[in-house]
Amino acid sequence: MAEVLDAGELKPGTVYVYKGDLLQVVDIVHNKTAMAKMKHKIKAKNLRTGAIIEMMLFSGEKVDQAYLDKKNMQLSYVDAEDDGFAHFMDSETYDMVEIPKSRIKWELQFLADNADVVITYYGQEILGIQLPPKVALTIVDTDDNAVAGDTVNKATKDATLETGLKIKIPMFIKNGTKVWVKTDDGTYDSRAN
(Lines give C-alpha, C1' and ligand atoms only; values in the text may rest on other atoms or scores of the structure.)
Protein backbone atom coordinates (compact mmCIF):
# COMPACT_ATOMS: atom_id res chain seq x y z
CA MET A 1 0.00 0.00 0.00
CA ALA A 2 1.41 3.35 -1.02
CA GLU A 3 1.84 5.97 1.65
CA VAL A 4 -0.02 9.23 1.03
CA LEU A 5 1.99 12.43 1.51
CA ASP A 6 0.90 16.02 1.85
CA ALA A 7 2.64 18.30 -0.68
CA GLY A 8 4.36 20.01 2.27
CA GLU A 9 6.09 16.74 3.20
CA LEU A 10 7.95 16.48 -0.11
CA LYS A 11 11.71 17.06 -0.05
CA PRO A 12 14.58 16.56 -2.52
CA GLY A 13 15.00 12.87 -3.35
CA THR A 14 11.40 11.91 -2.54
CA VAL A 15 9.80 9.74 -5.25
CA TYR A 16 6.05 10.08 -5.75
CA VAL A 17 3.24 9.38 -8.19
CA TYR A 18 1.24 12.36 -9.47
CA LYS A 19 -1.37 12.04 -12.24
CA GLY A 20 0.16 8.74 -13.34
CA ASP A 21 3.71 10.10 -13.61
CA LEU A 22 6.54 8.72 -11.50
CA LEU A 23 8.45 11.77 -10.27
CA GLN A 24 11.47 12.44 -8.07
CA VAL A 25 11.86 15.80 -6.34
CA VAL A 26 15.01 17.62 -7.49
CA ASP A 27 14.29 20.91 -5.69
CA ILE A 28 11.40 22.43 -3.76
CA VAL A 29 10.65 25.97 -2.59
CA HIS A 30 7.95 26.66 0.00
CA ASN A 31 6.16 30.01 -0.27
CA LYS A 32 3.65 31.32 2.28
CA THR A 33 1.85 34.60 1.80
CA ALA A 34 -0.71 36.20 4.08
CA MET A 35 -4.25 34.92 3.66
CA ALA A 36 -3.25 32.18 1.22
CA LYS A 37 -2.38 28.52 1.44
CA MET A 38 1.27 27.51 1.45
CA LYS A 39 2.52 27.00 -2.13
CA HIS A 40 5.16 24.42 -2.96
CA LYS A 41 7.08 25.09 -6.17
CA ILE A 42 8.56 21.74 -7.17
CA LYS A 43 11.21 20.87 -9.74
CA ALA A 44 10.96 17.13 -10.39
CA LYS A 45 12.44 14.54 -12.73
CA ASN A 46 10.11 12.16 -14.54
CA LEU A 47 11.78 8.80 -13.88
CA ARG A 48 10.25 7.20 -16.97
CA THR A 49 11.19 9.87 -19.53
CA GLY A 50 14.06 11.72 -17.84
CA ALA A 51 12.31 15.06 -18.41
CA ILE A 52 12.61 17.78 -15.76
CA ILE A 53 9.29 19.46 -14.99
CA GLU A 54 8.19 22.30 -12.74
CA MET A 55 4.89 22.21 -10.92
CA MET A 56 3.02 24.01 -8.16
CA LEU A 57 1.16 22.20 -5.39
CA PHE A 58 -0.67 23.67 -2.41
CA SER A 59 -0.61 22.44 1.17
CA GLY A 60 -3.38 19.91 1.58
CA GLU A 61 -2.87 18.39 -1.89
CA LYS A 62 -1.98 14.72 -1.65
CA VAL A 63 0.45 12.55 -3.63
CA ASP A 64 1.32 8.86 -3.34
CA GLN A 65 4.85 8.15 -2.19
CA ALA A 66 6.62 5.57 -4.37
CA TYR A 67 9.36 3.19 -3.34
CA LEU A 68 12.09 2.09 -5.74
CA ASP A 69 13.99 -1.17 -5.60
CA LYS A 70 17.60 -1.57 -6.71
CA LYS A 71 19.23 -4.81 -7.81
CA ASN A 72 22.90 -5.53 -8.47
CA MET A 73 23.20 -7.15 -11.89
CA GLN A 74 25.86 -7.95 -14.45
CA LEU A 75 25.85 -7.18 -18.19
CA SER A 76 25.77 -10.53 -19.99
CA TYR A 77 25.62 -9.41 -23.63
CA VAL A 78 24.19 -6.79 -25.98
CA ASP A 79 22.32 -7.68 -29.18
CA ALA A 80 24.06 -6.50 -32.36
CA GLU A 81 20.87 -5.05 -33.87
CA ASP A 82 20.11 -1.37 -33.20
CA ASP A 83 16.59 -2.26 -32.05
CA GLY A 84 17.88 -5.12 -29.87
CA PHE A 85 18.28 -5.51 -26.13
CA ALA A 86 20.96 -5.42 -23.47
CA HIS A 87 20.80 -8.57 -21.33
CA PHE A 88 21.59 -8.48 -17.62
CA MET A 89 21.88 -11.31 -15.11
CA ASP A 90 20.98 -11.15 -11.42
CA SER A 91 24.18 -12.25 -9.66
CA GLU A 92 22.25 -14.01 -6.89
CA THR A 93 19.29 -15.68 -8.62
CA TYR A 94 20.77 -15.92 -12.16
CA ASP A 95 17.50 -14.47 -13.52
CA MET A 96 17.90 -12.62 -16.82
CA VAL A 97 16.49 -9.17 -17.55
CA GLU A 98 16.29 -7.45 -20.94
CA ILE A 99 16.33 -3.67 -21.43
CA PRO A 100 15.82 -2.15 -24.90
CA LYS A 101 19.09 -0.62 -26.14
CA SER A 102 17.19 2.52 -27.15
CA ARG A 103 16.35 3.22 -23.47
CA ILE A 104 19.95 3.00 -22.25
CA LYS A 105 22.00 4.35 -25.18
CA TRP A 106 24.04 6.68 -22.99
CA GLU A 107 24.71 4.08 -20.29
CA LEU A 108 25.84 1.40 -22.77
CA GLN A 109 28.80 3.58 -23.76
CA PHE A 110 30.25 2.95 -20.28
CA LEU A 111 29.48 -0.77 -19.89
CA ALA A 112 32.21 -3.24 -20.85
CA ASP A 113 31.50 -6.98 -20.98
CA ASN A 114 30.48 -8.39 -17.58
CA ALA A 115 30.19 -4.91 -16.05
CA ASP A 116 28.41 -4.76 -12.70
CA VAL A 117 25.47 -2.33 -12.61
CA VAL A 118 22.59 -1.32 -10.36
CA ILE A 119 19.18 -1.54 -12.03
CA THR A 120 16.36 0.53 -10.57
CA TYR A 121 12.82 -0.90 -10.44
CA TYR A 122 9.40 0.47 -9.60
CA GLY A 123 7.43 -2.69 -8.86
CA GLN A 124 8.18 -4.88 -11.91
CA GLU A 125 8.92 -1.88 -14.16
CA ILE A 126 12.59 -1.29 -14.98
CA LEU A 127 13.37 2.42 -14.81
CA GLY A 128 17.01 2.32 -15.79
CA ILE A 129 20.63 1.75 -14.90
CA GLN A 130 22.50 3.64 -12.23
CA LEU A 131 26.07 4.36 -13.32
CA PRO A 132 28.95 5.06 -10.92
CA PRO A 133 30.52 8.56 -11.23
CA LYS A 134 33.35 7.11 -13.33
CA VAL A 135 34.31 3.79 -14.93
CA ALA A 136 37.62 2.24 -16.03
CA LEU A 137 37.74 1.34 -19.74
CA THR A 138 40.55 0.18 -22.05
CA ILE A 139 41.72 2.23 -25.03
CA VAL A 140 41.54 0.10 -28.18
CA ASP A 141 42.42 2.68 -30.83
CA THR A 142 44.58 5.80 -30.62
CA ASP A 143 47.62 7.17 -32.43
CA ASP A 144 50.60 5.92 -30.38
CA ASN A 145 52.93 8.00 -32.56
CA ALA A 146 51.23 11.32 -31.80
CA VAL A 147 53.73 13.94 -30.69
CA ALA A 148 52.92 16.51 -28.06
CA GLY A 149 53.44 19.95 -29.52
CA ASP A 150 51.57 22.56 -27.56
CA THR A 151 51.82 21.46 -23.93
CA VAL A 152 50.64 24.84 -22.61
CA ASN A 153 47.09 24.08 -23.73
CA LYS A 154 47.08 20.43 -22.56
CA ALA A 155 47.35 18.79 -25.98
CA THR A 156 44.99 15.87 -26.53
CA LYS A 157 44.32 13.22 -29.16
CA ASP A 158 41.33 11.10 -30.16
CA ALA A 159 40.83 7.65 -28.68
CA THR A 160 38.25 4.89 -29.01
CA LEU A 161 37.41 2.82 -25.94
CA GLU A 162 36.43 -0.87 -25.75
CA THR A 163 32.75 0.11 -25.69
CA GLY A 164 33.05 2.22 -28.85
CA LEU A 165 32.92 5.54 -26.97
CA LYS A 166 35.22 8.16 -28.51
CA ILE A 167 36.99 10.57 -26.13
CA LYS A 168 39.93 12.99 -26.01
CA ILE A 169 42.95 11.81 -23.99
CA PRO A 170 46.39 13.27 -23.16
CA MET A 171 49.10 12.71 -25.80
CA PHE A 172 51.21 10.37 -23.61
CA ILE A 173 48.54 7.64 -23.21
CA LYS A 174 48.93 4.58 -25.46
CA ASN A 175 46.72 1.78 -26.83
CA GLY A 176 45.83 -0.86 -24.24
CA THR A 177 45.88 1.60 -21.35
CA LYS A 178 42.93 1.63 -18.92
CA VAL A 179 41.54 5.10 -18.21
CA TRP A 180 38.86 6.47 -15.92
CA VAL A 181 35.99 8.09 -17.80
CA LYS A 182 33.35 10.34 -16.20
CA THR A 183 29.86 8.96 -16.78
CA ASP A 184 28.04 12.28 -16.49
CA ASP A 185 29.71 13.85 -19.56
CA GLY A 186 31.81 11.06 -21.12
CA THR A 187 35.18 12.77 -20.69
CA TYR A 188 38.62 11.50 -19.66
CA ASP A 189 39.37 11.72 -15.94
CA SER A 190 42.71 9.99 -15.33
CA ARG A 191 44.73 6.83 -15.92
CA ALA A 192 43.47 3.72 -14.10
CA ASN A 193 45.94 1.36 -12.43
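Engineer: What is the right way to read the overall build of the chain from this model?
Structural biologist: Helix and strand counts for the chain come out as one helix and 16 strands. The globule rule puts the C-alpha radius of gyration for 193 residues at 16 Å, and the 22 Å found for the chain is more than 25% above it. A principal-axis box enclosing the C-alpha atoms of the chain has dimensions of 70 × 45 × 30 Å. Counting only residues that meet the buried cut, the chain has 36% of its 193 residues in that class. If you take every contact in the chain between residues at least 6 apart in sequence, the share linking residues at least 24 apart comes to 44%. When the accessible surface of the chain is summed, it comes to about 11800 Å², and 50% of that surface belongs to carbon and sulfur atoms. Charged side chains of the chain number 24 positive and 30 negative; the gap between the two group centres comes to 8 Å.

Engineer: Looking at this structure, how should I read the sheet that holds strand 13 (residues 156–161)?
Structural biologist: Backbone hydrogen bonds are what pair the strands of a sheet, in a parallel or an antiparallel way. In space, the five strands of this open sheet follow the order 14-13-12-15-16, with antiparallel pairing throughout. Lying at the two open borders of the sheet, with one neighbouring strand each, are strand 14 (166–170) and strand 16 (188–191). Averaged over all pairs of adjacent strands, the angle between strand axes in this sheet comes to 50°, irrespective of strand direction. As paired elements, strand 13 and strand 14 share five bridges and run antiparallel to each other. Following the sheet pairing, aspartate 158 is matched in strand 14 by lysine 168.

Engineer: It is not clear to me how the nonpolar core should be interpreted in this structure. Could you clarify?
Structural biologist: Across soluble globular proteins, nonpolar side chains show a tendency to be buried alongside one another. Formed by 15 residues in total, the largest nonpolar core has its most connected members in Phe88, Ile99, Leu111, Ile119 and Ile129. For this core, the secondary-structure elements that each account for two or more residues are strand 7 (69–78), strand 8 (85–90), strand 9 (96–100), strand 10 (116–122) and strand 11 (125–130). Those residues in contact with isoleucine 99 that sit more than four places away from it in its chain are Phe85, Ala86, Phe88, Ile104, Ile119, Ile126 and Ile129.

Engineer: So what exactly am I meant to see when it comes to the environment of proline 12 here?
Structural biologist: Mapped onto the secondary structure, proline 12 falls in the loop between strand 1 (4–6) and strand 2 (15–18). Spatially, the C-alpha atoms of proline 12 and leucine 165 are 32 Å apart, while their sequence positions differ by 153 residues. If sequence neighbours within four positions are ignored, proline 12 has contacts with Val25, Val26 and Ile28.

Engineer: Would you mind going over the confidence of the model for the chain with me for this structure?
Structural biologist: Mean pLDDT for the chain: 89, with 95% of residues reaching 70 or above. No element of the chain has a lower mean pLDDT than strand 11, which averages 88, and none a higher one than strand 15 (residues 178–182), which averages 95.

Engineer: I would appreciate a short explanation of the side chain of lysine 157 in the present structure.
Structural biologist: Within the secondary structure, lysine 157 is located in strand 13. Of the polar contacts made by the side chain of lysine 157, one reaches the backbone oxygen of methionine 171; its length is 3.1 Å.

Engineer: Can you help me understand the pattern of salt bridges in this one?
Structural biologist: Side chains bearing opposite charge may pair, as long as their charged atoms lie close to each other. Under the counting rule described, the total for this entry stands at four salt bridges. For glutamate 125, the salt bridge identified is with arginine 48, shortest N-O distance 2.8 Å. With a gap of 77 residues between them, glutamate 125 in strand 11 and arginine 48 in the loop between strand 4 (39–46) and strand 5 (52–58) connect regions that are remote in the sequence. For lysine 168, the salt bridge is made with aspartate 158, and the minimal N-O distance between the two is 2.7 Å. Here lysine 168 is found in strand 14, whereas its partner aspartate 158 is found in strand 13, with ten residues between them in sequence.

Engineer: Explanation requested: the pairing of strand 5 in the structure shown.
Structural biologist: Note on strand geometry: in a regular strand, side chains alternate between the two faces of the sheet. Here seven bridges tie strand 4 to strand 5, and the two strands are oriented antiparallel to one another. Looking at the pairing, lysine 43 lines up with glutamate 54 of strand 5. The antiparallel pairing of strand 4 with strand 5 creates a hairpin that spans five residues between the two strands, and glycine 50 there sits at a positive phi of about 85°.

Conventions we followed
Residues numbered from 1 in each chain as written. Predicted model: local features only at pLDDT ≥ 70, side-chain atom pairs only at ≥ 80, totals over all residues. Heavy atoms only, no water. Helix = DSSP H or I, 4+ residues; strand = E, 2+ residues; numbered from the N terminus. Rg over C-alpha atoms; globule rule 2.2 N^0.38 Å. Buried < 20%, exposed > 50% of the residue type's maximum accessible area, 1.4 Å probe, protein only. Contact = heavy atoms within 4.5 Å. Areas by Shrake-Rupley, 256 points an atom, 1.4 Å probe, with all protein chains shown as cover. Lys, Arg positive; Asp, Glu negative; His and termini not counted. Charge placed at Lys NZ, Arg CZ, Asp CG, Glu CD. Pairing = 2+ DSSP bridges. Axes fitted to C-alpha atoms, helices over the stretch in contact; angles between N-to-C directions. Core = buried A, V, L, I, M, F, W, Y, C linked by side-chain atoms within 4.5 Å. pLDDT = per-residue confidence, 0-100. Polar contact = N/O pair within 3.5 Å; in protein donor to acceptor, adjacent residues only side chain to side chain. Salt bridge = Lys/Arg side-chain N within 4 Å of Asp/Glu carboxyl O.

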